[in-house]
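Below are the chains, spelled out letter by letter.
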Amino acid sequence: MTQDITVLTFEFIWFLLLVIAIIAQLLFKGKQKQWGGIMSIFLVVAPYLIVFSCFYLSRYLGTFRANKVIQIVGFSIMILGVISYIISMLNLRYNWSISAEIKEGHTLVKTGPYKIVRHPMYFSMILVFLGSGMLISNYL
């Protein structure tokens, strides 16, 4: 993979995750859930700002020389993470929330990936972070 393709791939996948988070915030709103204003927006956007900051500061913070195999493995891990993130979010549906809250009719989800892992969305994001580092050759 050329450097341009890896950068575009990295940026596209992280932008896609941001769009998914914003769409989920709007779709899974429910009657009891209210848009928390600026704090809610910050909680959705902050992780992506941190990732892009680390990416663009990488030339000062350290990179490693990656071959095509490492980049392809990193890309594959990122895709696996994105897919599992979407599946996890869809399994939660209206139980999904940007902040911890108890809603009327709230239930503990025990199906899908939640049958295997208690926090599959966190696990998915760990996969995306790991794959990102491998894809763009960044230690952070």
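Each remark here, short or long, concerns the structure printed above.
Residues numbered from 1 in each chain as written. Predicted model: local features only at pLDDT ≥ 70, side-chain atom pairs only at ≥ 80, totals over all residues. Heavy atoms only, no water.

(A) Main features of the packing of helix α4 (residues 68-92) against helix α5 (residues 120-136). Between α4 and α5, the shortest axis-to-axis distance is 7 Å and the interhelical angle comes to 160°. In this view, α4 runs roughly antiparallel relative to α5, as classed from their interaxial angle. The two elements α4 and α5 cross, and the hand of that crossing is left-handed. Class assignment for the residues of the contact of α4 with α5 results in 18 nonpolar, eight polar and no charged. (Axes fitted to C-alpha atoms, helices over the stretch in contact; angles between N-to-C directions. Helix = DSSP H or I, 4+ residues; strand = E, 2+ residues; numbered from the N terminus. Parallel < 35°, antiparallel > 145°, perpendicular 65-115°, else oblique. Left-handed = near helix turned anticlockwise from the far one by under 90°. Nonpolar A, V, L, I, M, F, W, Y, C, P; charged D, E, K, R; others polar.)

(B) Just a nonpolar patch on the surface, in detail. Where nonpolar side chains cluster on the molecular surface, the patch consists of Ile79, Ile83 and Ile87 and spans about 230 Å² of accessible area. On the secondary structure map, Ile87 appears in helix α4. (Patch = residues over 30% accessible without salt bridge, like charges linked within 9 Å, V, L, I, M, F, W, Y side chains within 5 Å. Areas by Shrake-Rupley, 256 points an atom, 1.4 Å probe, with all protein chains shown as cover. Salt bridge = Lys/Arg side-chain N within 4 Å of Asp/Glu carboxyl O.)

(C) Representation of the side chain of Ser132 within the structure. As for its placement among the helices and strands, Ser132 is situated in helix α5. The buried category is assigned to Ser132, whose relative accessible area is 5%. Contact partners of Ser132, with chain neighbours within four places excluded, come to Phe10, Trp14 and Met78. (Buried < 20%, exposed > 50% of the residue type's maximum accessible area, 1.4 Å probe, protein only. Contact = heavy atoms within 4.5 Å.)

(D) Structural view of the nonpolar core. Phe10, Trp14, Leu17 and Tyr85 are the most contacted members of the largest nonpolar core, which totals 24 residues. Elements that contribute at least two residues to this core include exactly α1 (3-27), α2 (37-56), α4 and α5. With nine residues, α1 is the single largest residue contributor to this core. Leaving out residues up to four positions away in the same chain, Trp14 has contacts with Tyr48, Val51, Phe52, Met78, Met125, Val128, Phe129 and Ser132. (Core = buried A, V, L, I, M, F, W, Y, C linked by side-chain atoms within 4.5 Å.)

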